[in-house]
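Here is how the chains run, residue by residue.
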Amino acid sequence: MNTNDIAIRVENLGKMFRLGREIPHASTLGGKIKQTMAAPFGWLASQIGQPSEEEILWALRDISFEVKRGEVVGLIGHNGAGKSTLLRILSRITEPSEGHAEIHGRIAALLEVGTGMHPELTGRENIYMNGTVLGMKKREIDRKLDEIIEFSGVEKFLETMVKHYSSGMRVRLGFAIAAHLEPEILIVDEVLAVGDLNFQRKCLSKMEDVAGEGRTVLFVSHRMEAIRSLCGRCLLIHQGRITNDGGVNEVVQEYNDIMRERGLSMDLADTDVSRRRGSGKARFSNCKMVNAAGLECGHFEPNDDVVFLLDYTVLAPIDELYFRLGLRSGRTGEFVTITQPYLLSSVALPAAHQGSLKLIFPSVNLRLGDYPVYLWLGTRDYEPYDVADDLVRSLSIQSNKTTLELGYDGSKHSGYFELRSILEVGE
């Protein structure tokens, strides 16, 4: 392949951590200084004892791949698989422990809330700072300024220091800067999930525009429908290694198989207010998806029974408790269906009370795709105790049959509809 056609080349990349501290990269100046300063103490360390193998963690190992200019590639994998570490290396935020990564072209990355922005600078100053880092002249940034401001929706706060922005505002401004300052390579992590649904749709549409202009996009998401709609190729990273590199449908299928084997537990440690809302008087404590036989599933066939098993804990005394579960479209983020408010308890519940429930969707007739799950606990008046939105693994409907064989009429509108559900409440 012609070298001029390559935007990203990664060869034998590895990243090692030890007991919470980073292993210095020998080729960096900082690494050499640390090694030199530590040398006189080598004898003492040998007497005390070296860290055991169990204390060493390889977050990445033997990573090799290439991305051509203008290619749109998805990167998927479960939490902790190594995606964020790889992106931080590609973005030159951290150094690898072995191997190397070549980047050919100006790169803009949105990896986490506030990435690339200085908290003590205003929104306007951050726009110009980022443009300068990308090698743009002031007049080039001037031409893009109005587009960035309009896209981000932070016009009223443009002269405010970024440290006073909400996480959603920082994400909107960060993405607007990254996408509009014409980088040749755009790297976007799952951080887009922080924004509201309308902004998420704008981001996906903008990435499609960026890809259509022949620029390179590396996109990380847990929303498989977004991966399918945007990417022509997909990389699967599992336990720190690339285990599949190929067509999107094939790679997504393997990802779903891995997630089925791992189980479908909710990330209940997530307390980010932008992702976990409500007063906190009651919280979901567990969530699993199982089939009619009670076995955990990564995906379901059309017309299968889908069963949600949920546990909750009351953290402060409450007078009543209601529950709802909704499914969103993986493509637009809009609700496909949401249950009625189910009454779990009409009597006062004390703190530390625990309960369980089973919600059954019999013979689910959904189109093929992924459906992010929305969970809600609250009062009759819709005061929320806990809102867990897209924290559990999405419901995935898959089939080897074509849409024609399944009897879908693509000309018919698909939108919100009522999905029959049955609730069983445990003790």
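Residues numbered from 1 in each chain as written. Predicted model: local features only at pLDDT ≥ 70, side-chain atom pairs only at ≥ 80, totals over all residues. Heavy atoms only, no water.

Asker: Please explain the nonpolar core as it appears in this structure.
Answerer: A general feature of soluble globular proteins is that nonpolar side chains tend to end up buried together. Counting 49 residues, the largest nonpolar core has Ile 76, Ile 127, Leu 173, Phe 175, Met 207, Phe 219 and Ile 227 as its most contacted members. Ranked by the residues each element gives to this core, the list is headed by helix 6 (residues 167-180), at eight residues. Excluding its chain neighbours within four sequence positions, the residues that come into contact with Ile 127 are Ile 141, Leu 145, Ile 148, Leu 158, Leu 173, Ile 177 and Leu 181. Judged by nonpolar contacts, the second largest core, of 36 residues, contains Val 306, Tyr 342, Leu 375 and Val 392. (Core = buried A, V, L, I, M, F, W, Y, C linked by side-chain atoms within 4.5 Å. Buried < 20%, exposed > 50% of the residue type's maximum accessible area, 1.4 Å probe, protein only. Helix = DSSP H or I, 4+ residues; strand = E, 2+ residues; numbered from the N terminus. Contact = heavy atoms within 4.5 Å.)

Asker: Can you walk me through helix 4 (residues 123-133) in this structure?
Answerer: Note that an α-helix has 3.6 residues per turn; residues three or four places apart therefore point the same way. Those residues of helix 4 not exposed but buried are Gly 123, Asn 126, Ile 127, Tyr 128, Asn 130 and Gly 131. Two residues or fewer past helix 4, Gly 135 is found with a positive phi of approximately 85°.

Asker: Would you mind showing me how to read the sheet that holds strand 12 (residues 282-290) here?
Answerer: To summarise the sheet geometry, strands pair through backbone hydrogen bonds and adopt either a parallel or an antiparallel arrangement. Strands sit in the order 12-13-17-22 across an open sheet of four strands; the sheet is antiparallel. Every interior strand has two partners, whereas the edge strands, strand 12 and strand 22 (422-425), have only one. The average undirected angle you get between the axes of adjacent strands in this sheet is 20°. Across eight bridges, strand 13 (residues 306-314) lies against strand 17 (residues 354-361) in antiparallel orientation. (Pairing = 2+ DSSP bridges. Axes fitted to C-alpha atoms, helices over the stretch in contact; angles between N-to-C directions.)

Asker: Would you mind going over the pairing of strand 8 (residues 216-220) with me for this structure?
Answerer: Side-chain positions along a regular strand alternate between the two faces of the sheet. For strand 8, the tally of buried residues reaches five of five residues, placing the bulk of the element in the interior. In strand 8, alternate side chains face the same way, and those of Thr 216, Leu 218 and Val 220 on one face and Val 217 and Phe 219 on the other are all buried. Taken together, the four bridges between strand 4 (residues 72-76) and strand 8 define a ladder with parallel strand orientation. If you follow Gly 74 over to strand 8, its bridge partner there is Phe 219. With four bridges connecting them, strand 7 (residues 185-188) and strand 8 associate as parallel partners. Among the inter-strand pairings, Ile 185 is bridged to a residue of strand 8, identified as Thr 216.

Asker: Where do I start with a negative patch on the surface in this structure?
Answerer: A cluster of acidic residues, Asp 146, Glu 147, Glu 150 and Glu 155, forms a negative patch at the surface. With respect to the secondary-structure elements, Glu 155 resides in the loop between helix 5 (138-152) and helix 6. Take Glu 155: its relative accessible area is 61%, and that puts it in the exposed class. (Patch = residues over 30% accessible without salt bridge, like charges linked within 9 Å, V, L, I, M, F, W, Y side chains within 5 Å. Areas by Shrake-Rupley, 256 points an atom, 1.4 Å probe, with all protein chains shown as cover. Salt bridge = Lys/Arg side-chain N within 4 Å of Asp/Glu carboxyl O. Lys, Arg positive; Asp, Glu negative; His and termini not counted. Charge placed at Lys NZ, Arg CZ, Asp CG, Glu CD.)

Asker: Looking at this model, I keep getting lost on the confidence of the model for the protein. Mind explaining?
Answerer: A low pLDDT score tells you not to read the predicted coordinates there in detail. The predicted model of the protein averages 80 in pLDDT, with 78% of residues at 70 or higher. With pLDDT under 50 throughout, residues 19-30 is counted as low confidence; its partners more than four residues away or in other chains account for 19 contacts. Scored below 50 in pLDDT, residues 43-54 makes two contacts in the model with residues more than four places away or belonging to other chains. (pLDDT = per-residue confidence, 0-100.)

Asker: Explanation requested: the packing of aromatic side chains in the structure shown.
Answerer: Centre-to-centre distance and the angle between the planes together describe a pair of aromatic rings. Within this structure, the stated rule accounts for five aromatic pairs. Considering the side-chain rings of Phe 308 and Phe 361, the 6.2 Å spacing of their centres and the 90° angle between planes classify their relative orientation as edge-to-face. One end of the pair, Phe 308, is in strand 13; the other, Phe 361, is in strand 17, and 53 residues separate them in sequence. An identical accessibility class is assigned to Phe 308 and Phe 361; each is buried. The ring centre of Phe 151 lies 4.5 Å from the NZ or CZ of Lys 202, which sits over that ring. (Phe/Tyr/Trp six-rings, centres within 6.5 Å; stacked < 30°, edge-to-face > 60°. Lys NZ or Arg CZ within 6 Å of the ring centre and 35° of its normal.)

Asker: Honestly, the sheet that holds strand 10 (residues 241-246) in this entry has me stumped. Any pointers?
Answerer: Read across the sheet, six strands follow the order 6-7-8-4-9-10 without closing on themselves; strand pairing throughout is mixed. Two strands lie at the open edges of the sheet, namely strand 6 (107-110) and strand 10, each paired on one side alone. Between one strand axis and the next, the sheet turns through 15° on average, direction left out of account. Sheet topology note: the strand 9 (residues 233-238)/strand 10 ladder contains five bridges and is antiparallel. Across the sheet, Ile 237 pairs through a bridge with Ile 242, a residue of strand 10. Across the face of the sheet, helix 6 comes into contact with strand 6 and strand 7 while running at roughly 160° to strand 6.

Asker: I keep staring at unusual backbone geometry and nothing clicks. Help me out?
Answerer: A negative phi holds for most residues other than glycine; trans holds for most peptide bonds. At Asp 62, a residue that is not glycine, the phi angle is positive and equals roughly 55°. Within the secondary structure, Asp 62 is located in strand 3 (residues 56-68). Using a relative accessible area of 45% as the deciding quantity, one classes Asp 62 as partly exposed. If you check the backbone angles, Gln 239 has positive phi at about 55° while not being a glycine. Relative to the helices and strands, Gln 239 resides in the loop between strand 9 and strand 10.

Asker: What am I meant to see in helix 3 (residues 83-90) here?
Answerer: Most of helix 3 is tucked away: six of the eight residues are buried. One or two steps after helix 3, the chain reaches Arg 92, where phi turns positive at roughly 65°.

Asker: Just to check I follow, could you spell out the environment of Leu 145 for this structure?
Answerer: Topologically, Leu 145 is positioned in helix 5. Ignoring sequence-local partners within four residues, the contact set of Leu 145 consists of Arg 124, Ile 127 and Tyr 128.

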